[in-house]
Amino acid sequence: MLDLNGLIINVDQMLRRLIGDDIDFVAVPAPDLWPVRVDPGQFEQVIVNLAVNARDAMPDGGRLTLETPTWC
């Protein structure tokens, strides 16, 4: 079982270095998010891939928001 908010906090600095200074990275963790059954390494790789794709789609900069809503 994995706390997604904790994982996002753990990869925060790595993602900021990865996407560069032209893109603002904002993490919006949901309060009281329930744990999920997922492989932490694979999920981290998904987050990294999404961040790289977002960076490549914003060559002039922008904002990348990673949110864990509880309404899903």
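Residues numbered from 1 in each chain as written. Predicted model: local features only at pLDDT ≥ 70, side-chain atom pairs only at ≥ 80, totals over all residues. Heavy atoms only, no water.

1. A closer look at the confidence of the model for the protein
Taken residue by residue, the protein gives an average pLDDT of 91. The fraction at 70 or more is 97%. The weakest mean pLDDT in the protein belongs to helix α1 (residues 4-19) at 91; the strongest belongs to helix α2 (residues 40-57) at 95. (pLDDT = per-residue confidence, 0-100. Helix = DSSP H or I, 4+ residues; strand = E, 2+ residues; numbered from the N terminus.)

2. Things to note about the environment of T70
Examined against the element boundaries, T70 turns out to sit in the segment after β2 (62-68). A sequence separation of 30 residues divides T70 from P40, and the C-alpha atoms of the two residues are 19 Å apart. With residues near it in sequence (within four places) discarded, T70 still touches A30, P31, D32, L33 and W34. (Contact = heavy atoms within 4.5 Å.)

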